[in-house]
There are 2 protein chains.
Amino acid sequence: MAEERFEREELPFDLDFLDSLLLNEDYEGFREEFLQLHPYDQAKFYEKVSPDSRQIIYRFLSPKEMAEIFQAIELDNDEYEEFMKEMDHRYAADMLSLMYTDDAVDVLNELDKTQVASYLTIMDQESAQEIKDLLHYEEYTAGSIMTTEYVAIPENSTVRSAMTILRNAAPEAETIYYLFVVNEDNQLTGVISLRDLIIADEDTLIRSIMSDRVVSVPVSEDQEEVARTIKDYNFLAVPVVDFQNHLLGIITVDDIIDVLEEEASDDYSKLAGVADMDTIDRNPLTAAKKRLPWLIILSFLGMITANLMGMFENTLDQVALLAVFIPLIAGMAGNSGTQALAVAVRGIATGQLEDESRLKLLLREAGTGLLTGLTCGVIITFVIYLWKHELLLGSLVGGAIFGSIFVATIAGSFIPLLIHRMKIDPAVASGPFITTLNDIISILIYLGLATMFLSQL
Amino acid sequence: MAEERFEREELPFDLDFLDSLLLNEDYEGFREEFLQLHPYDQAKFYEKVSPDSRQIIYRFLSPKEMAEIFQAIELDNDEYEEFMKEMDHRYAADMLSLMYTDDAVDVLNELDKTQVASYLTIMDQESAQEIKDLLHYEEYTAGSIMTTEYVAIPENSTVRSAMTILRNAAPEAETIYYLFVVNEDNQLTGVISLRDLIIADEDTLIRSIMSDRVVSVPVSEDQEEVARTIKDYNFLAVPVVDFQNHLLGIITVDDIIDVLEEEASDDYSKLAGVADMDTIDRNPLTAAKKRLPWLIILSFLGMITANLMGMFENTLDQVALLAVFIPLIAGMAGNSGTQALAVAVRGIATGQLEDESRLKLLLREAGTGLLTGLTCGVIITFVIYLWKHELLLGSLVGGAIFGSIFVATIAGSFIPLLIHRMKIDPAVASGPFITTLNDIISILIYLGLATMFLSQL
């Protein structure tokens, strides 16, 4: 919801003072102080205090007041379950039915199925039905993030009657700043902003001043596409429709900010090879669990690299100096591959690659790899020549760097494009994987070249 | 601006058809089709057509219509300069004065100083002054992204008089959904949403229904902090004040989305070692220029690694098999370091680390490094033993991996924290740098251990 409670304490709040009010059983004093806080600050207090303090909170806040806190809260997945279980069952169900539907669905999605069912059974029927409808939509689609608390007005309303509808809907609706116009069949036929409404003459027909070619999103649309539509067009909300253009719900800009952040943090985690990274984890064990999958996969990939290098043991045995440049070459390949990967992954995510043909990107990356490879290769050749006075060794290392950067840059952009095309889980193209792959390629190039010129080294 | 033109063609638009209207000189037909598009789609057409077509556009669109396009457009830095230079000087100045001040400032920030000065001289005095005021604020502060088109109402207004002020301000203001209440000294004393206004009785005093403890941001606040305030509190806009609490401007949610995306993409670029990555670059040369700085720095760091390894040439000479495991060990150190780095950098950026003490994060990372290092080290020892039947070599590699992951994880979180503390440009802690540093550390550990146990290998 676009928030309209603006107040907060100068310092967000004094946690210890508030908590001491609770523990000293000064409940009147606590309610007075606490309810003056912005819901976001209330939520921060609520999640920070001890379970005992939370139990007292449940006794002294109404389900409606608790609903406001839960609309503002940002918890780890398992904390939702923990906190909901602390509450009386009836109280929790009431709270859920008083939340905006989309926020209630977000909470329920973190709980297990039997728990969800038990809340829905004792909840009031209307809220339960609305929530059930939303729970059906597939995750990450427009349907799964929309809310049903919007303001719809009939086509043949006047501005005056629209304002009346609006005033009545205001306490419930997530946004009242856009009014969605529907025909008798509930099909979306137009939209008008409150801005246009309040400057219009009271007797004007809505039909004559509304925008009649509305930008809407289908209910099955990917949430990232929805986010991009709202961002590009600078909307405060966008209507969600089914294939017959029936109005089903709306998605507001605040939910879209979360989607955009989630998406960016997803790309970032992939590049770093961390399973997921929403929050700074609480303890080493959880953190280790998130990181180990990649590290173990990579250690096996690394063993393959070692195995491949084993084939060149003879070469390495004869010229030990060769080994000294392996980290340099593998590192350069890894880094240039990661650069190309990063550009391609963000290009796919932000939709920039839709227009441009993929072939064009690949050609451009090949050109980039050629330029960066050539530059670095020449520099390294010279440095090694000046430092060791070995022209052949310098050329060998420089040549390997040129080849590695060239191949790694192409691989770094080709692999994510291919994976995206084949609709495989893009996590496969994560940074560490590409880096290890480029390690292998670069070492093969280097030791292959070295073996060819071994007699001259 | 929160956008309130909702219309667009079913398919965004038919570029070729529109362009053919232009080139066939059917200007009436073009205007009719073009002005029905949403400004964002107009902007996409405008930036895609040839300079010749754009010249015709300048002749047939008013500066006001052009201003709407420029408010919606997203261009590369140098394109702003290119496009502005195409326009007649007077026309461009008129367009700038008709844009929202913050958007005009964004455009002017991309131009060189003499060009900016020349527009400001011929612009109408009031707009020029407003723009000049905003241009003074330091980049990346609240002042640099705020706009001055807000609705302010005196404290002693009634709801009725506030609505009148609102109706008059509506065509100009960036948002009319929040009204900011000021005293006779223009100090911010309250805020009220249009939602609350329209359900209030017409004779109510604003003072009695406004929120009087307003969340505002100081004009010198970092834009990321502003973005976080709007995101956390789900605001549509936030007021900007000076140190005496005078209302200077507002920042709207659509501008904040751009800040959040910029910030995330900044962290992402750093992790990938690409100088900046807003757009998929047009040609290989530009792309190479953005990537070469890191690659060249890294090739020199790589030479240091090679130099250090040179000290162990004797060891490598005696047991060539040792070299085979170098990429594995360096790779594991690099990857675990990048994981720790990513978590720390995002933690700093999203403000999650403010609460938690830094020491606590370091201790936790040390614990994580211990667990992941131990797991991977044991696995590798076993695999090498099973594969090569060499227990000592296996233990040596496994031990080096344990040590490398442990040290790399701590370094990956310690270095960004240290850099943040010292307020050095955090770009120094970019992914490739940490990876190369961890390469060096891991190789020293491995070859150091190997040299100690050389006699037994």
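Quick caveat: nothing in here was measured; it's all calculated off a predicted structure. (Residues numbered from 1 in each chain as written. Chains lettered and ligands numbered in written order. Predicted model: local features only at pLDDT ≥ 70, side-chain atom pairs only at ≥ 80, totals over all residues. Heavy atoms only, no water.)

## Focus: the relation of the copies chain B and chain A
Of the two same-sequence chains, chain B is brought onto chain A (RMSD 0.1 Å, axial shift 0.1 Å) by a rotation of 180 degrees. On this basis, the relationship between the two copies can be described by a two-fold rotation axis. Here 99% of the interface residues in chain B have copies in chain A that are interface residues too; the copies meet face to matching face. (Least-squares fit on C-alpha atoms with pLDDT ≥ 70 in both. Contact = heavy atoms within 4.5 Å.)

## Examining the UniProt feature "transmembrane region" (unreviewed entry) in chain A
Residues and elements named next belong to chain A. Under the UniProt annotation, "transmembrane region" (unreviewed entry) lies at residues 292-312, 318-345, 366-387, 393-419 and 431-454. Each end of residues 292-312 is marked by a C-alpha atom, and these two atoms are 30 Å apart; helix forms 90% of the span and strand 0%. Across residues 393-419, the secondary structure splits into 100% helix and 0% strand, with the terminal C-alpha atoms separated by 38 Å. (UniProt positions renumbered as here; feature names shortened; annotations may be inferred. Helix = DSSP H or I, 4+ residues; strand = E, 2+ residues; numbered from the N terminus.)

## Points about the interface of chain B and chain A
Interface size is commonly expressed as the accessible area that is lost once the parts come together. Contacts between chain B and chain A engage 132 residues on the former and 132 residues on the latter. Taken together, the connections running from chain B to chain A amount to 6 salt bridges. The salt bridge involving Lys 231 of chain A is made with Asp 258 of chain B; its shortest N-O contact spans 3.6 Å. Counting across the chain B and chain A interface gives 21 residue pairs in polar contact (both at pLDDT 80 or more). (Salt bridge = Lys/Arg side-chain N within 4 Å of Asp/Glu carboxyl O. Polar contact = N/O pair within 3.5 Å; in protein donor to acceptor, adjacent residues only side chain to side chain.)

## With respect to the UniProt feature "domain: CBS" (unreviewed entry) in chain A
All names here are of chain A. UniProt annotation of "domain: CBS" (unreviewed entry) refers to residues 146-208 and 210-268 when read in the numbering used here. Across residues 146-208, helical content stands at 32% and strand content at 22%; the span's end C-alpha atoms are separated by 28 Å. Structurally, residues 210-268 comprises 46% helix and 22% strand, and the distance from its first C-alpha atom to its last is 42 Å.

## Brief notes about helix α1 (residues 15-23) of chain B
All names here are of chain B. Considered for burial, the residues of α1 that qualify are Leu 18, Asp 19, Leu 21 and Leu 22. The arc that holds the buried residues of α1, viewed along the axis, is 150 degrees, so those residues lie on one side. Looking one or two places after α1, you find Glu 25, whose phi comes out positive at around 65 degrees. (Buried < 20%, exposed > 50% of the residue type's maximum accessible area, 1.4 Å probe, protein only. Arc of directions from axis to C-beta.)

## Here we look at the side chain of Thr 409 of chain A
By secondary structure assignment, the location of Thr 409 of chain A is in helix α21 (residues 391-421). For Thr 409 of chain A, the side chain forms a polar contact with the main-chain oxygen of Ile 405 of chain A, separated by 2.6 Å. With residues up to four places along the chain from it excluded, the contact list for Thr 409 of chain A reads Ser 336, Ala 340, Glu 365 and Gly 369 of chain A together with Arg 291 of chain B.

## A short note on the pattern of salt bridges
Using the criterion set out here, one finds 23 salt bridges over all chains in the structure. Arg 291 of chain B serves as the salt-bridge partner of Glu 365 of chain A, at 2.8 Å between the closest nitrogen and oxygen. Of this pair, Glu 365 of chain A sits in helix α20 (residues 358-388) while Arg 291 of chain B sits in helix α17 (residues 284-310), on two different chains. Here Glu 365 of chain A falls in the buried class, since its relative accessible area comes to 1%.

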